[in-house]
Amino acid sequence: GAVVSQHPSWVICKSGTSVKIECRSLDFQATTMFWYRQFPKQSLMLMATSNEGSKATYEQGVEKDKFLINHASLTLSTLTVTSAHPEDSSFYICSASRTGHYGYTFGSGTRLTVV
Amino acid sequence: AQSVTQPDIHITVSEGASLELRCNYSYGATPYLFWYVQSPGQGLQLLLKYFSGDTLVQGIKGFEAEFKRSQSSFNLRKPSVHWSDAAEYFCAVGDGYGNKLVFGSGTILRVKS
C-alpha cells in the first residue's frame, strides 16, 4: 500500500513553454503533498507544500508564479513549470502524507530538461 | 528550525563489510527521523523511521539505525553490505506527521568487490 505515482518520468521541453507534472496517490488519500527539487549531486530542497483545496505554501525563494501547484483532490497534485528556462532543468520529486499516519511516500521523480 | 548533517559525502566499503552512515540533526523537540535510499534517476525509498519508543530501529534490506538523543545522532548501520546497496542515502528530520521534511546532503555509498 501507500503508492505514489508521478508522471511523466522524464520530459524535454523548449525554453518558454510550460510543463505539467502530476503526482497521484494511488491507494490512499493524500491530505498533504510536497514538491521537492533536486539538482545533480545535491540533496532534495523543498519547494512547496500543498494541502487539498487550499493554496500551496511556498518555501522562501521559490517563485509561486513560475511554479504553479494545484491540489484539487485528495489523490492528485500537479506542479506546472511556466515559461521554463534551461536553469529550471532539474529532478522534481513529489511526496505525500496521509492523515493520521506517520511517514511519507515519494514518487519516482520527473527529470525535466529545458532546451 | 530543524537541520540535518551528513558529514560523509562518499563512503566506499568492500562487499561483505559492515557499514555505518552518520547523521546528526538539530531540533528542539523530539524529532521524527528517517533514512531514505535513492538509486540514480529514481525516487526515494524509505529504509526506516523513528518516532518514539525503542531507540534501535529495524528497517528493510537488513538496515538498522540507532537514535541517540545525547549525541543528536541517528546513524544507519548494516552488518554486511551487498553490491546492490550501492546508492545514495539521505537522512531526514520532520517535526510531526504530515509536516515537511528537511533532508541532509546525502552520502553516496560505493561497494567494491
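Residues numbered from 1 in each chain as written. Chains lettered and ligands numbered in written order. Predicted model: local features only at pLDDT ≥ 70, side-chain atom pairs only at ≥ 80, totals over all residues. Heavy atoms only, no water.

A. Quick look at the pattern of salt bridges. Scanning the entire structure with this criterion turns up 7 salt bridges over all chains. Residues joined by salt bridges that share partners form a network here, namely Glu64(B), Glu66(B) and Arg77(B). (Salt bridge = Lys/Arg side-chain N within 4 Å of Asp/Glu carboxyl O.)

B. Expanded view of a nonpolar patch on the surface. Among the surface-exposed residues, Trp10(A), Ile12(A) and Val115(A) lie close enough to one another that they form a single nonpolar patch of about 370 Å² accessible area. Along the chain, Trp10(A) turns up in strand β2 (residues 10–13). (Patch = residues over 30% accessible without salt bridge, like charges linked within 9 Å, V, L, I, M, F, W, Y side chains within 5 Å. Areas by Shrake-Rupley, 256 points an atom, 1.4 Å probe, with all protein chains shown as cover. Helix = DSSP H or I, 4+ residues; strand = E, 2+ residues; numbered from the N terminus.)

C. Spatial organisation of the side chain of Asn75(B). Residues and elements named next belong to chain B. Checked against the element boundaries, Asn75 lands in strand β9 (residues 73–78). On the basis of relative accessible area, Asn75 is assigned to the buried category, the value being 15%. Within the structure, the side chain of Asn75 is placed 2.9 Å from the backbone nitrogen of Cys23, a separation counted as a polar contact. Once you skip the residues sitting within four places of it in the chain, Asn75 turns out to touch Glu20, Leu21, Arg22, Cys23, Trp35, Glu64, Ala65 and Glu66. (Buried < 20%, exposed > 50% of the residue type's maximum accessible area, 1.4 Å probe, protein only. Polar contact = N/O pair within 3.5 Å; in protein donor to acceptor, adjacent residues only side chain to side chain. Contact = heavy atoms within 4.5 Å.)

D. Up close: the packing of aromatic side chains. Scanning the model with the defined rule gives 16 aromatic pairs over all chains in all. For the ring pair Tyr36(A) and Phe106(A), a centre distance of 5.8 Å and an interplane angle of 40° mean the geometry is tilted. Placement of Tyr36(A) in strand β4 (residues 32–38) and of Phe106(A) in strand β10 (residues 105–106) is noted, with a sequence separation of 70 residues between them. Across the pair, exposure class does not vary: Tyr36(A) and Phe106(A) are buried alike. Judged by centre distance (5.9 Å) and plane angle (75°), the ring pair of Phe106(A) and Phe103(B) falls under edge-to-face. Of the two residues, Phe106(A) sits in strand β10 while Phe103(B) sits in strand β11 (residues 101–103), which places them in two different chains. The exposure classification of Phe106(A) matches that of Phe103(B), with both residues buried. Ring pairs connect the aromatic residues Phe34(A), Tyr36(A), Tyr104(A), Phe106(A), Tyr32(B), Phe34(B), Tyr36(B), Phe51(B), Phe90(B) and Phe103(B), which therefore count as one cluster. (Phe/Tyr/Trp six-rings, centres within 6.5 Å; stacked < 30°, edge-to-face > 60°.)

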